[in-house]
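For reference, the chains in residue letters:
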Amino acid sequence: MSAPALASRNLRARAFPPNWPLRIGAALFLAYVAYAAQILDIRWERFVQGLDNGARFIGRMFPPNTAADKMQLLWSGMLESLQIAIIATAIGVLLALPLGLFAARNLMPLPVTVAARGVIALCRTFHPVIVAILFVKAVGFGALAGVMALVVATLGFIAKLIAEAIEEMSMKPIEALRAAGAPFLSVVTMGVVPQVLPRFIGFAAYQLDSNLRNSALVGLVGGGGIGATLFTAFQRFDYDFVLTIIIAIIVTVMAGEVLSAFMRRIYQDEAPSGLVVETPAGRLWRRFTLLERGLRLAFWGLAALALGWSVQTIEVIPEFLYDAPQQTADLFGRMWPVDWGYFGTTVGTALVETLHTATLGTILAILLATPVALMCARNVAPSPVVNALGRFILVSTRSVHTLVWALLFVAVFGPGALAGVMAVAVHSIGFTGKFLSEAIEEAKAGPIEALRAAGASRRAILLKGFWPQVKPAFLAVSLFRWDINVRESAVLGLVGAGGLGVALQASMDNLYWDQVGLVLLVIFAVVVVTEIVTATIRSRVI
């Protein structure tokens, strides 16, 4: 071999050395997937058989049942779910504002912030379904338990975001008010609220959208709303009515997303057009035009009307609240001391199954969501038809909650972790694909245009132009979704999809409350550990 050829070969070898850490990591990743699939008894034969069952199942769902009696049930259930979502959002948001204020480290002393953040962490730890189960035991079946469960979920989510928004705000107005001798309440109303109010409205709009989804969920365990109707339809094998309910849930959630987006647009405008008016004293600038002020007033008016309608028409029994503290104290008294022996016999295995379900479901969701995200990204797929199809997939998959997907997949694949993995994966497509598509659309055009000008293939443009820019967002979304899926997987067993939910349901059915206490304690510990792990990985890798 000639010297120039040998030099060229050595140059290529140095320029593109084999990435052995990546290869070893890929091999370990594939080994884990195979191991976890074996642990969860996920086999190709079972999957193929499930597809055959799924075809028959889908055949029984069409056409949707629109009989008059069914539509009456659907209408009453959807109205109750809407009432639950509106009331829970209103109460939770109002309670979250002072709690978030107490949790802000730039305004409150350390003992107060530690206590407030402890309450926030406790509200965020348990899945709304688990909280709904506890409230059903305390106040009985019905919408009241659903409202209380979603208030807790709203409190944990909104208070955390409000605390972060307060910590990120400018302290100059606060310092000026303090220097002028203003009392604490004036500092909050004049210095804090004007800075965080637009984001607060945005958080509330998003939480209303989320509570619309969750209100269909708490009914599965007796918390009222359309979830109870859906679960009854499953039990009666009325799969055509099940499809009708799912379509209604998707349409309602999509309408809620449009409404929340409209709310954010009219109330989070940081650069309003303004209006200059002529007055006897001269020209006066007003921040908002007459239309903008009218839209804001209409927003508050509609919110008040919706809340008043919900409070007046929702069917709750206030008398159940009278002995709720005694019932709750009795319930927790039965849970303690926990039955540690139950961990070795059942809970340990269920915990491993839950973690594998969450991990495999997240991996499958990423594989499924990536092409959908490329369909939604306008700088990759400029076709409006392709964009619309991709966005419909994202909205429809995340509109139906994981527990409802689990019910469907249990009917297709039978009870077990396979149904749980599929439910986690399908529901996560919407969340993962949405954030990935936004990251792809935010990629800088310079490197992509340079690759196109050099004649690079479409695959090279994706790998060398887009991937280096979206990699941090990809890893962050994947970790965050895995953290959420651990919580989701812990309750899938309530409908037969494996994991800790199976142990929890068996203990509740047998009234072994000391075992229920152990399962709840394990779920709490797992959620705390996964949050610490994901936060550590994000800080070191991303």
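Here goes a summary of the coordinates provided. Computed from a prediction, not measured in an experiment: that's the story for all the values here. (Residues numbered from 1 in each chain as written. Predicted model: local features only at pLDDT ≥ 70, side-chain atom pairs only at ≥ 80, totals over all residues. Heavy atoms only, no water.)

## Quick notes on the overall build of the protein
Link 1 in the chain: Each helix and strand in the protein was counted, giving 21 helices and two strands.
Link 2 in the chain: Here the protein has a C-alpha radius of gyration of 26 Å; the compact-globule value for 542 residues is 24 Å, and the two agree.
Link 3 in the chain: Each principal axis of the C-alpha atoms in the protein carries an extent, and together these give about 90 × 75 × 55 Å.
Link 4 in the chain: In the protein, which comprises 542 residues, the proportion classed as buried is 46%.
Link 5 in the chain: Of the contacts made within the protein by residues no fewer than 6 positions apart, 76% connect residues no fewer than 24 positions apart.
Link 6 in the chain: Summed over its atoms, the accessible surface of the protein is roughly 27,600 Å², and 69% of this surface lies on carbon and sulfur atoms. (Helix = DSSP H or I, 4+ residues; strand = E, 2+ residues; numbered from the N terminus. Rg over C-alpha atoms; globule rule 2.2 N^0.38 Å. Buried < 20%, exposed > 50% of the residue type's maximum accessible area, 1.4 Å probe, protein only. Contact = heavy atoms within 4.5 Å. Areas by Shrake-Rupley, 256 points an atom, 1.4 Å probe, with all protein chains shown as cover.)

## Focus: the nonpolar core
Link 1 in the chain: By size, the foremost hydrophobic cluster in this structure holds 69 residues, and its most contacted members are Phe 234, Val 242, Ile 245, Leu 403, Leu 408, Phe 409 and Leu 504.
Link 2 in the chain: Each residue touching Phe 409, except ones within four places of it in the same chain, is listed here: Gly 414, Ala 419, Met 422, Ala 423 and Val 426.
Link 3 in the chain: The next biggest cluster of nonpolar side chains, apart from the first, holds 50 residues, and it includes Val 131, Val 139, Leu 150 and Ala 159. (Core = buried A, V, L, I, M, F, W, Y, C linked by side-chain atoms within 4.5 Å.)

## So, unusual backbone geometry
Link 1 in the chain: Across the junction of Phe 62 and Pro 63, the peptide omega takes the value -10 degrees, indicating a cis bond.
Link 2 in the chain: Residue Pro 337 is bonded to the preceding Trp 336 through a cis peptide linkage, with omega at 0 degrees.
Link 3 in the chain: Along the chain, Pro 337 turns up in the loop between helix 13 (324-335) and helix 14 (341-376).
Link 4 in the chain: Even without being a glycine, Asp 41 presents a positive backbone phi close to 60 degrees.
Link 5 in the chain: By secondary structure assignment, the location of Asp 41 is in the loop between helix 2 (20-39) and helix 3 (44-61).
Link 6 in the chain: The backbone phi angle of Phe 237 is positive, close to 60 degrees, even though this residue is not glycine.
Link 7 in the chain: Of note, Phe 237 is situated in the loop between helix 10 (226-235) and helix 11 (239-267).
Link 8 in the chain: Owing to a relative accessible area of 52%, Phe 237 belongs among the exposed residues under this scheme.

## Quick word on the pattern of salt bridges
Link 1 in the chain: Applying the stated criterion to the full structure yields eleven salt bridges.
Link 2 in the chain: Between Asp 238 and Lys 70 there is a salt bridge, with the nearest N and O atoms lying 3.3 Å from each other. With Asp 238 in the loop between helix 10 and helix 11 and Lys 70 in helix 4 (residues 68-103), this residue pair connects regions lying 168 residues apart in the sequence.
Link 3 in the chain: For Lys 70, a relative accessible area of 14% gives the class buried.
Link 4 in the chain: Of the charged contacts in the structure, one is a salt bridge between Glu 441 and Arg 391, with a shortest N-O distance of 3.4 Å. Here Arg 391 lies in helix 15 (residues 384-399) and Glu 441 lies in helix 17 (residues 417-441), a separation of 50 residues in the sequence.
Link 5 in the chain: Three or more residues are tied together by salt bridges with common partners; here these are Arg 105, Arg 117 and Glu 167. (Salt bridge = Lys/Arg side-chain N within 4 Å of Asp/Glu carboxyl O.)

## Considering helix 16 (residues 402-413)
Link 1 in the chain: Along its twelve residues, helix 16 runs 15 Å from first to last C-alpha, staying within 8% of the 16 Å computed at 1.5 Å per residue.
Link 2 in the chain: Of all the positions in helix 16, only Thr 402, Leu 403, Val 404, Trp 405, Ala 406, Leu 407, Leu 408, Phe 409, Val 410, Val 412 and Phe 413 are classed as buried.
Link 3 in the chain: Gly 414 lies just past helix 16 and shows a positive phi near 85 degrees. (Expected span 1.5 Å × (residues − 1).)

## Regarding the side chain of Thr 125
Link 1 in the chain: If you trace the backbone, Thr 125 turns up in helix 5 (residues 110-125).
Link 2 in the chain: Among all residues touching Thr 125, those that are not within four sequence positions of it are Arg 487, Phe 524 and Val 527.

## Focus: the packing of helix 6 (residues 128-139) against helix 13
Link 1 in the chain: Here helix 6 crosses helix 13 at 120 degrees, and the two axes come no closer than 8 Å. Comparing their axes, helix 13 and helix 6 come out oblique. Remark: the crossing between helix 6 and helix 13 carries right-handed chirality. Residues Leu 134, Lys 137, Ala 138 and Val 139 of helix 6 pack against Ala 324, Gln 327, Thr 328, Leu 331, Phe 332 and Met 335 of helix 13.
Link 2 in the chain: Residue composition of the contact of helix 6 with helix 13, by class: seven nonpolar, two polar and one charged. (Axes fitted to C-alpha atoms, helices over the stretch in contact; angles between N-to-C directions. Parallel < 35°, antiparallel > 145°, perpendicular 65-115°, else oblique. Left-handed = near helix turned anticlockwise from the far one by under 90°. Nonpolar A, V, L, I, M, F, W, Y, C, P; charged D, E, K, R; others polar.)

## Re the packing of aromatic side chains
Link 1 in the chain: Scanning the model with the defined rule gives eleven aromatic pairs in all.
Link 2 in the chain: Centre to centre, the rings of Phe 409 and Phe 413 are 6.0 Å apart; their planes meet at 25 degrees, and the pair counts as stacked. Placement of both Phe 409 and Phe 413 in helix 16 is noted, with a separation of four residues, approximately one turn of the helix.
Link 3 in the chain: Note on Phe 431 and Phe 480: the rings are 5.6 Å apart at their centroids and 40 degrees apart in plane angle, and the pair reads as tilted. Residue Phe 431 is located in helix 17, and its partner Phe 480 is located in helix 19 (residues 458-489); the two are separated by 49 residues in the primary sequence.
Link 4 in the chain: Among the residues examined, Phe 431 registers a relative accessible area of 15% and is labelled buried.
Link 5 in the chain: On the basis of relative accessible area, Phe 480 is assigned to the partly exposed category, the value being 37%.
Link 6 in the chain: One aromatic cluster is present, built from ring pairs that chain together Trp 44, Phe 47, Trp 405, Phe 409 and Phe 413. (Phe/Tyr/Trp six-rings, centres within 6.5 Å; stacked < 30°, edge-to-face > 60°.)

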